[in-house]
Amino acid sequence: MAEGSWYDADIDRVIITEEQIREKTAELAKQVSADHADSTGGLLLVCVLKGAVMFMADFARALGRYGPPTEMEFMAVSSYGQGTTSSGVVRILKDLDRDIAGKHVIVVEDIVDSGLTLSWLLKYLESRSAASVEVVALFRKPDAVKVHVPVKYVGFEIPSEFVVGYGLDYSERYRELPYVGVLKKDVYARS
Ligand code: XMP
Ligand code: MG
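In this text, all values refer to a predicted model and were calculated from it rather than measured experimentally.

Caption draft 1: Structural view of the overall build of the protein. If you tally the helices and strands in the protein, you get four helices and eight strands. Along the chain direction, N to C, the helices and strands of the protein fall in the order β-α-β-α-β-β-β-α-β-β-β-α. In terms of overall dimensions, the protein is globule-like: its C-alpha atoms have a radius of gyration of 16 Å, near the 16 Å expected for 191 residues. Overall, the C-alpha framework of the protein stretches about 50 × 35 × 30 Å when taken along its three principal axes. Taking all 191 residues of the protein together, 32% fall into the buried category. A separation of at least 24 residues holds for 68% of the contacts in the protein among residues at least 6 apart in sequence.

Dropping the structure here:
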């Protein structure tokens with residue numbers, strides 16, 4: 001953990017360290033690469049903004065070392081608003097910039113909680129005629145799954161607690177933390 005950063009004082013405890021994220025990302029990239037070694041057309045990585053932004057950047061670079069070649073797209077959907085519980089109502093805030101018909105898509109997700117957002121997204125991408133759709137999620141909260149969604153690649157199973165860091169926010173803050181942790185209770189009391 002970086003010592004002395006302003007945000008360390010707001011964190012109750014670190015759940016996943018920067019080092020663990022780095023190692024896991026390399027591991028996931030190797031797996032995805034091995035499973036798609038014969039994918040001559042390459043893979044289309046679809047990042048789900050904003051939470052997956054850090055993971056997308058690191059995962060894409062890790063995958064770049066092994067291949068196959070990738071292209072990138074970004075989508076933004078909202079299911080949470082400003083709070084910390086899933087509403088199940090998904091809204092597209094930013095759509096794909098182009099046609100994905102016939103593409104082998106890998107959705108790059110930060111975290112699967114209830115699974116509602118992802119389940120909706122998979123149906124959406126299939127309706128846009130992707131050749132295949134798979135998911136890599138850095139984190140999954142196993143206790144909270146309301147909908148069964150096939151997530152082929154999962155980085156870490158974490159407890160059903162609200163976490164921040166490495167792209168994950170609380171009211172748009174804490175995304176820049178290099179690790180993932182739980183906020184101190186008094187941080188919520190402040191807002
Ligand atoms: P569902 O419940 O639909 O939610 O699987 C998935 C999306 O909700 C966000 N999410 C979180 N964001 N800390 C966050 O900052 C969390 O602990 C957390 N849990 C879920 C996230 O955007 C995810 O894609
Ligand atoms: Mg997300």
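Caption draft 2: Geometry of the sheet that holds strand β7 (residues 153–157). If you trace the six strands from one edge of the open sheet to the other, you get β4-β3-β2-β5-β6-β7, paired in mixed fashion. The open sheet has two edge strands with one neighbour each: β4 (91–94) and β7. Direction aside, the axes of adjacent strands within the sheet are offset by 30 degrees on average. Sheet topology note: the strand β5 (residues 104–112)/strand β6 (residues 132–140) ladder contains eight bridges and is parallel. Paired with E109 across the bridge in β6 is A137. Its contacts with the sheet put helix α1 (residues 18–35) on β5, β6 and β7, and the angle it makes with β7 is roughly 160 degrees.

Caption draft 3: The arrangement of unusual backbone geometry in detail. A cis amide bond, omega -5 degrees, links L49 with the succeeding residue K50. Cis peptide bonds are those with omega within 30 degrees of zero, and the linkage from G67 to P68 qualifies with 0 degrees. Mapped onto the fold, P68 is located in the loop between α2 (53–66) and β3 (70–78). Non-glycine residue S129 carries a positive phi angle of around 65 degrees. With respect to the element layout, S129 can be found in the loop between α3 (116–127) and β6. Residue classification places S129 among the exposed residues on the basis of 11 C-beta atoms within 10 Å. Backbone geometry at E172 places phi at a positive 70 degrees, although glycine is not the residue there. Looking at the element boundaries, E172 is found in the loop between β7 and β8 (180–183). We classify E172 as exposed; it has 8 C-beta atoms within 10 Å.

Caption draft 4: How the structure looks around α1. Taking 1.5 Å per residue, 18 residues should reach 26 Å; α1 reaches 26 Å between its end C-alpha atoms and fits that length. Of all the positions in α1, only I21, K24, T25, L28, A29 and V32 are classed as buried. Buried positions in α1, seen along its axis, are confined to an arc of 140 degrees and lie on one side of it. Away from its buried face, by an angle of more than 90 degrees, α1 presents the exposed residues E19, E23 and A34. Structurally, α1 contributes buried residues whose contacts are with β1 (11–16), α2, β5, β6 and β7.

Definitions and cut-offs
Residues numbered from 1 in each chain as written. Chains lettered and ligands numbered in written order. Predicted model: local features only at pLDDT ≥ 70, side-chain atom pairs only at ≥ 80, totals over all residues. Helix = DSSP H or I, 4+ residues; strand = E, 2+ residues; numbered from the N terminus. Rg over C-alpha atoms; globule rule 2.2 N^0.38 Å. Buried ≥ 20, exposed ≤ 12 C-beta atoms within 10 Å, placed from the backbone. Contact = placed C-beta atoms within 7 Å. Pairing = 2+ DSSP bridges. Axes fitted to C-alpha atoms, helices over the stretch in contact; angles between N-to-C directions. Expected span 1.5 Å × (residues − 1). Arc of directions from axis to C-beta.

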